[in-house]
Amino acid sequence: MPLFDFVCRACGAEFELLVRGSEKPACPRCQSTDLAKQMSTFSARTGSAAGSGGGKCAGCRGGSCGTCH
Ligand SMILES: [Zn+2]
């Protein structure tokens, strides 16, 4: 699922939206389409949610198995 964080350049609202195909995302507050996409916060949030001990998982000690991140 292509879920992205956006910041509206018009009103400053921050929100998440699913973007599919050629759909043009719009601000849910002011309906502006002048949005800044934030890829970095999405990946950082995913990493912090999955990792609880510095990248290691319960199945290994090296942090390099299939379930490690
Ligand atoms: Zn807005």
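Treat the numbers as computed from the prediction; the structure is a model and nothing was measured.

Turning our attention to unusual backbone geometry. If a residue is not glycine, its phi is most likely negative; likewise, a peptide bond is most likely trans. Positive phi outside glycine occurs at glutamine 31, with the angle close to 70 degrees. Note on placement: glutamine 31 falls in the loop between β2 (14–18) and β3 (35–38).

Now for the pairing of β2. Along β2, only zero of the five residues are buried, which leaves the element largely exposed. Direction of pairing for strand β1 (residues 3–8) relative to β2: antiparallel, over a ladder of five bridges. Looking at β2, one finds that phenylalanine 6 is bridged to phenylalanine 15. The antiparallel pairing of β1 with β2 creates a hairpin that spans five residues between the two strands, and glycine 12 there sits at a positive phi of about 85 degrees.

Looking at the element boundaries, valine 19 is found in the loop between β2 and β3. For the pair valine 19 and phenylalanine 4, spaced 15 residues apart in sequence, the C-alpha to C-alpha distance is 7.3 Å. Not counting residues up to four positions away in its chain, the partners in contact with valine 19 are Pro2, Phe4 and Pro25.

What counts as what
Residues numbered from 1 in each chain as written. Predicted model: local features only at pLDDT ≥ 70, side-chain atom pairs only at ≥ 80, totals over all residues. Helix = DSSP H or I, 4+ residues; strand = E, 2+ residues; numbered from the N terminus. Buried ≥ 20, exposed ≤ 12 C-beta atoms within 10 Å, placed from the backbone. Pairing = 2+ DSSP bridges. Contact = placed C-beta atoms within 7 Å.

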